[in-house]
Amino acid sequence: MMETFVKRDSELCKIQDSTTQSMARVYLRAKFLAEDLGGKRAKEYLKGALPPAPGILGTYFEEHARRCLIFFEKDKVFKERCRQLVNEDGLLVEYRLALLLPLRQSVGSCFATAFLIHLQTTNLPLLAEELFVARKKNALKRTFDGEEMIIPFCPKTGELKGSGVFIHSALMKSFEYTVASLADVKVGFSRFNFAEALGLSKDHEGGLGKIIYSLVEEELTAANNERDELLREIEGLEKQLDYDQASFASASTLDRMDSIKRMAKYKNIALAQMVDEYEKKGEEGAFLAKLYAFFVEQYLALYPHYFQELYDPEMMGVGNILEDRPSGFRLVYKHGRSNPKLWSYIYSDKEYISYLRDFIVMTEPILTDLQRAHGMEEKVEALVSVLLQRVEEPAFLEEQKQRIAAMHKEHLGEEASISPYAYLSGGSLPALVDAFWQKEGSLEKVSISANSPTDLCLSLIEFMKDKHQGEVAHEFTPILMSNDTHACNFLPGAKLFRAAWEDRGNSYTYLRDVLLHSREPIIFADSNWGGRYFAFYPKDQQFSLVLYDGENISPFSLWNDHFGEGKTWDLYL
């Protein structure tokens, strides 16, 4: 087995791209250890039997693999979980590989990637348990505002090959994309999105709300007209009875009195019937007046049982960095079922309209049952028939797209083309972490000024000197970080950077006299991208931002707009 490993490793050394080579050789080592269910290879590895993987990523893996192997051997919960996977073909090895192999970003799921890299480095037992439960139950479950949200375990794994070699764990990639659905969790906003698309407001011309409101108003006007006519008849009959009463008092004969009494009796019966009808019309009008609000409330309440937005790694926007191109969220139709295996991703206008129509049909019995006690079931059925006709009209979908585009521009600042069932979104790191922990405000944010890379470097040194030195256990101890577009992990323990904040002198003086004279990049963060790390590179008494994999330095001018007056990078504790 060792001979096979050495031969394969030699072949991978021929890969020209240093980042791909590093990832491929790390994968080979992780797979080698993941398949070692008896622990013999692990013991050899811990004694240094394997040549180290190259690059900074390789250095991280050496440290991480040792943590994993100790965890695999000693953690009782993990060992029990592994026993439960023994009879599932290949899953046990995949499970161990997912924990061993350093997670790297392959599509625009940076918030999920950075967060899971952080967990993989700092809380392996939690990551192992969350991964096991999500895979076993085929879903990640969280509760928001009293509502349970089920996120199906993503069946998509992204690209598994690079330059003809394996570089990712399929299981961890699926989990990463599952967790990514938490990056844009906005239960209320999702309903708002739905309401805007369908035009549930009575002010949206051509929307379903306007149709319901207009038809209800017509019915209400007709009912009120009938009631007004009844009131006039009642008032007329009451006047006749008043006149009859006066005539009775002045009648001169018994026959005349009997005749007036008989007529008054019939008129009183008619009057009672009219008053009863008048009251019924009043009740009908009251229920009609509430029918528009009833439809809107019920559709919004039923929406989460039939629709849900999920992260889709196959959606990809335009960007200069392949791994960091914005990805998006796609609507799925749940068919009113709780089992995610029965849900359907919506990929086309035709599918969307079909599922929207199905939603209206499926929820009709619920609406009619709720209105049956008020005698409104026929009204509901008539309204639903009109809504179904409107949904089928081609113009309705185009109007939805216009409404969604306008709404996203106003509330999210998005200019991209929008559809009612798919949209690009980077999400939010705090939103994802809050959703994962189910605790609002679970992260404390500290904003670091970034007028220039030099200014960012100085601010990060000062941040570490302030109060966070004791939190850095090793070279790759991560602190979550983000700027306007990207989430990653600040690495204050990186050798040259650590020396800067451990120095007791003036930070600027150290930066000027020591760091700016460095002959190598000063690593300060993990980019998530392959084996590349963010680093400060000295040139002309200033720093520039570069990507560095331990061998190659790549200038990174693409992010020049992340520096300037008022620009910040945010750290999360």
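Residues numbered from 1 in each chain as written. Predicted model: local features only at pLDDT ≥ 70, side-chain atom pairs only at ≥ 80, totals over all residues. Heavy atoms only, no water.

1. Section: the overall build of the protein chain
Per the secondary structure count, the protein chain includes 19 helices and 16 strands. For 573 residues, the compact-globule estimate of 2.2 N^0.38 gives 25 Å, and the protein chain exceeds it by more than 25% at 34 Å. Per-residue burial over the protein chain gives 52% buried out of 573 residues. Put simply, of all contacts in the protein chain between residues at least 6 apart along the chain, 68% involve residues at least 24 apart. When the accessible surface of the protein chain is split by element, carbon and sulfur atoms take 50% of a total near 27300 Å². Between the averaged position of the 67 positive side-chain charges in the protein chain and that of its 85 negative side-chain charges there is a distance of 7 Å. (Helix = DSSP H or I, 4+ residues; strand = E, 2+ residues; numbered from the N terminus. Rg over C-alpha atoms; globule rule 2.2 N^0.38 Å. Buried < 20%, exposed > 50% of the residue type's maximum accessible area, 1.4 Å probe, protein only. Contact = heavy atoms within 4.5 Å. Areas by Shrake-Rupley, 256 points an atom, 1.4 Å probe, with all protein chains shown as cover. Lys, Arg positive; Asp, Glu negative; His and termini not counted. Charge placed at Lys NZ, Arg CZ, Asp CG, Glu CD.)

2. Some thoughts on unusual backbone geometry
Phi angles above zero are rare outside glycine, and His335 is one such case at about 55 degrees. Tracing the sequence through the fold places His335 in the loop between β6 (328-333) and β7 (344-345). Judged by its relative accessible area of 24%, His335 is partly exposed. The residue Gln541 is not glycine, and still its phi comes out positive at about 60 degrees. Note that Gln541 resides in the loop between β13 (533-539) and β14 (542-548). Owing to a relative accessible area of 42%, Gln541 belongs among the partly exposed residues under this scheme.

3. Focus on the side chain of Thr178
Its location among the elements puts Thr178 in helix α9 (residues 170-180). There is a polar contact of 2.7 Å between the side chain of Thr178 and the backbone oxygen of Ser174. Not counting chain neighbours up to four residues away, the residues in contact with Thr178 comprise Leu140, Ile151, Pro152, Phe153 and Cys154. (Polar contact = N/O pair within 3.5 Å; in protein donor to acceptor, adjacent residues only side chain to side chain.)

4. Quick look at helix α5 (residues 76-85)
Buried within α5 are the following residues: Phe78, Arg81, Cys82 and Leu85. Mapping the buried residues of α5 onto a view down its axis gives an arc of 100 degrees, with all of them on the same face. For α5, exposure combined with an orientation more than 90 degrees from the buried face picks out Lys76 and Arg83. With a side-chain oxygen lying 3.2 Å from the backbone nitrogen of Val77, the N-terminal cap of α5 falls on Asp75. (Arc of directions from axis to C-beta.)

5. Quick notes on the environment of Leu342
In this fold, Leu342 is placed in the loop between β6 and β7. Taking relative accessible area as the criterion, Leu342 reaches 40% and is therefore assigned partly exposed. Excluding anything up to four places from it in sequence, Leu342 contacts His335 and Arg337.

6. Concerning the packing of aromatic side chains
Inspection of every chain in the model, using the stated rule, returns 44 aromatic pairs. Between Tyr299 and Phe359 the ring centres are 5.4 Å apart and the planes differ by 50 degrees, which places this aromatic pair in the tilted class. Of this pair, Tyr299 sits in helix α12 (residues 254-306) while Phe359 sits in helix α13 (residues 349-372), and the two are 60 residues apart along the sequence. Taking the relative accessible area as the measure of exposure, Phe359 reaches 0% and is therefore buried. Ring geometry for Trp529 against Phe534: centres 5.6 Å apart, planes inclined by 80 degrees, an arrangement best described as edge-to-face. For the pair Trp529 and Phe534, one class covers both residues: buried. Over the face of the ring belonging to Phe32 we find Arg41, whose NZ or CZ atom lies 4.7 Å from the ring centre. Above the plane of the ring of Tyr345 lies Lys156, whose end atom (NZ or CZ) is 4.6 Å from the centre. (Phe/Tyr/Trp six-rings, centres within 6.5 Å; stacked < 30°, edge-to-face > 60°. Lys NZ or Arg CZ within 6 Å of the ring centre and 35° of its normal.)

7. Section: the confidence of the model for the protein chain
Overall, the predicted model of the protein chain reaches an average pLDDT of 86, with 92% of residues at or above 70. When mean pLDDT is taken per element in the protein chain, strand β12 (residues 522-526) scores highest with 97 and strand β3 (residues 161-162) scores lowest with 45. (pLDDT = per-residue confidence, 0-100.)

8. So, the packing of helix α4 (residues 55-74) against α5
Between α4 and α5, whose axes approach to 6 Å, the crossing angle comes to 75 degrees. The orientation of α4 with respect to α5, classified from their angle, is roughly perpendicular. Along the contact surface, α4 presents Phe71, Phe72, Glu73 and Lys74, while α5 presents Lys76, Phe78 and Lys79. Split into classes, the residues belonging to the contact of α4 with α5 amount to three nonpolar, no polar and four charged. (Axes fitted to C-alpha atoms, helices over the stretch in contact; angles between N-to-C directions. Parallel < 35°, antiparallel > 145°, perpendicular 65-115°, else oblique. Nonpolar A, V, L, I, M, F, W, Y, C, P; charged D, E, K, R; others polar.)

9. Description of the pattern of salt bridges
Summed over all chains, the structure comprises 27 salt bridges. In this structure, Lys567 engages Asp484 in a salt bridge whose closest nitrogen and oxygen atoms are separated by 3.7 Å. One end of the pair, Lys567, is in the loop between β15 (553-555) and β16 (568-572); the other, Asp484, is in the loop between β10 (479-482) and β11 (487-490), and 83 residues separate them in sequence. Residue classification places Lys567 among the partly exposed positions, given a relative accessible area of 29%. Between Asp513 and Arg512 there is a salt bridge, with its nearest N and O atoms 2.8 Å apart. Through salt bridges that share partners, Lys156, Asp312, Glu314 and Arg330 make up one connected network. (Salt bridge = Lys/Arg side-chain N within 4 Å of Asp/Glu carboxyl O.)

10. Thoughts on the sheet that holds β11
Spatially, β9-β16-β10-β11-β12-β13-β14-β15 is the arrangement adopted by the eight strands of the open sheet, whose pairing is antiparallel. In this open sheet, the two strands that pair with only one neighbour each are β9 (445-449) and β15. The average angle at which neighbouring strand axes cross in this sheet is 40 degrees, direction not considered. (Pairing = 2+ DSSP bridges.)

11. A word on the environment of Ala494
Position of Ala494 relative to the elements: it lies in the loop between β11 and α18 (495-502). You can call Ala494 buried: its relative accessible area is 7%. Excluding residues that lie within four positions of it along the chain, Ala494 makes contacts with Glu475 and Ile523.

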